[in-house]
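# Observations on the model geometry
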Amino acid sequence: SLPAKLINGGIAGLIGVTCVFPIDLAKTRLQNQQNGQRMYTSLSDCLIKTIRSEGYFGMYRGAAVNLTLVTPEKAIKLAANDFFRHHFSKDGKKLTLMKEMLAGCGAGTCQVIVTTPMEMLKIQLQDAGRIAAQKKLMAAQAQLSSSSAAGAAEPAVETRTTATQITRELLRSKGIAGLYKGLGATLLRDVPFSIVYFPLFANLNKLGQKDPNVKAPFYVSFLSGCVAGSTAAVAVNPCDVIKTRLQSLQRGVNEDTYSGILDCTKKIWKKEGPTAFFKGAYCRALVIAPLFGIAQVVYFIGIAEFLLDMLPKHRA
């Protein structure tokens, strides 16, 4: 049922995000840093420096936004894919690969309603620590190179903002469109992701089914979700880099700004080279693999069905 799909998607999203959010934070910071202004060299370096400068909970900056909105996002994505697959199989025929891809396309298109503002707010909060650390480093370097210590600039103090403050400012200055900055880039990432992920998962999961009418074991669903998720994540990582750059409202010292998808693509290619489009790819794979593996296991177990079945009994 639709309520069960929505509950399953929400539970899966909450568990997954809680487990992998620090890696997602590192991915955002690695993707946003440009040549000549690098603060972090790798995933582990980013996490270590984040803990040292911002504390353990610094790794969860922006998590509240994600945890609040990931439930409707994952619910829409998974439920929409099931809806389209069911619609395309009404004739009783087996779903073709093309129809599976179309179902994934529909799911990816539907989810951006929630994904775009969620990513927009999350990225501002995740990247704030990197920008503050960069400004402090630049101030320290200026102080060392200054001939007079008295004339040296004081290190910048980070002013922490909340998702609510960012939302209010965007709505005041740009209206609802402000929260949907990068919508085109989000579609460019999420639609191909769903086109790759859902058919790949369905076909990998079938390999573990001994009988077409019997579910594959839960570990097969988990591994299928991990493999399909990481494959799709790496495949669309260039689009994710572009989306992250476009949705970042604050820039570090001497970092480029972008007017749109084409402008962003050209500047990254020209100044940072083609490899820049795969910044944070392994981080993204590490985030998406368990996230979708967990989602498929939750679907397999059917937690929502169990809860919904218990409600009438509880009332009785």
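The protein appears in an unreviewed UniProt entry as Mitochondrial glutamate carrier 1 from Scytalopus superciliaris. The heading Sequence similarities (unreviewed entry) in the UniProt record of the protein holds the text "Belongs to the mitochondrial carrier (TC 2.A.29) family." UniProt's Subcellular location (unreviewed entry) comment on the protein is quoted here verbatim: "Mitochondrion inner membrane".

A few words now on the packing of aromatic side chains. Working definition: an aromatic ring pair is given by the centre-to-centre distance plus the angle between the planes. Scanning the model with the defined rule gives 11 aromatic pairs in all. When the centroid spacing of 6.5 Å and the interplanar angle of 25° are considered together, the rings of Phe 84 and Phe 88 count as stacked. Of the two residues, Phe 84 and Phe 88 both sit in helix H3 (residues 63–88), four residues apart, roughly one turn of that helix. Given the relative accessible area of 23%, Phe 88 is considered partly exposed. Measuring from centroid to centroid gives 6.3 Å for Trp 269 and Phe 277, while their planes differ by 40°, and the two rings are tilted.

Counted by the stated rule, this structure contains 19 salt bridges. Residues Glu 54 and Arg 29 are paired through a salt bridge, measuring 2.9 Å at the closest nitrogen-oxygen approach. With a gap of 25 residues between them, Glu 54 in helix H2 (residues 43–54) and Arg 29 in helix H1 (residues 2–32) connect regions that are remote in the sequence. What makes Glu 54 buried here is its relative accessible area of 15%. For Arg 29, a relative accessible area of 0% corresponds to the buried category. Within this structure, Asp 24, Lys 27, Glu 119, Lys 122, Arg 189, Asp 190, Asp 240, Lys 243 and Arg 284 form a network of salt bridges that share partners.

On average, residues of the protein score 83 in pLDDT, and 87% of them reach the 70 mark or higher. Throughout residues 147–153 the model reports pLDDT below 50, and contacts reaching past four residues in sequence, or to other chains, amount to three contacts.

Glancing now at the environment of Asp 240. Checked against the element boundaries, Asp 240 lands in helix H9 (residues 237–247). Spatially, the C-alpha atoms of Asp 240 and Arg 284 are 9.2 Å apart, while their sequence positions differ by 44 residues. A polar atom in the side chain of Asp 240 sits 3.0 Å from the side chain of Gln 31.

In this section: the side chain of Asn 81. With respect to the element layout, Asn 81 can be found in helix H3. Owing to a relative accessible area of 5%, Asn 81 belongs among the buried residues under this scheme. Apart from residues no more than four positions distant in its own chain, Asn 81 is found in contact with Ala 103, Gly 104, Ala 107 and Phe 198.

What counts and what doesn't
Residues numbered from 1 in each chain as written. Predicted model: local features only at pLDDT ≥ 70, side-chain atom pairs only at ≥ 80, totals over all residues. Heavy atoms only, no water. UniProt positions renumbered as here; feature names shortened; annotations may be inferred. Phe/Tyr/Trp six-rings, centres within 6.5 Å; stacked < 30°, edge-to-face > 60°. Helix = DSSP H or I, 4+ residues; strand = E, 2+ residues; numbered from the N terminus. Buried < 20%, exposed > 50% of the residue type's maximum accessible area, 1.4 Å probe, protein only. Salt bridge = Lys/Arg side-chain N within 4 Å of Asp/Glu carboxyl O. pLDDT = per-residue confidence, 0-100. Contact = heavy atoms within 4.5 Å. Polar contact = N/O pair within 3.5 Å; in protein donor to acceptor, adjacent residues only side chain to side chain.

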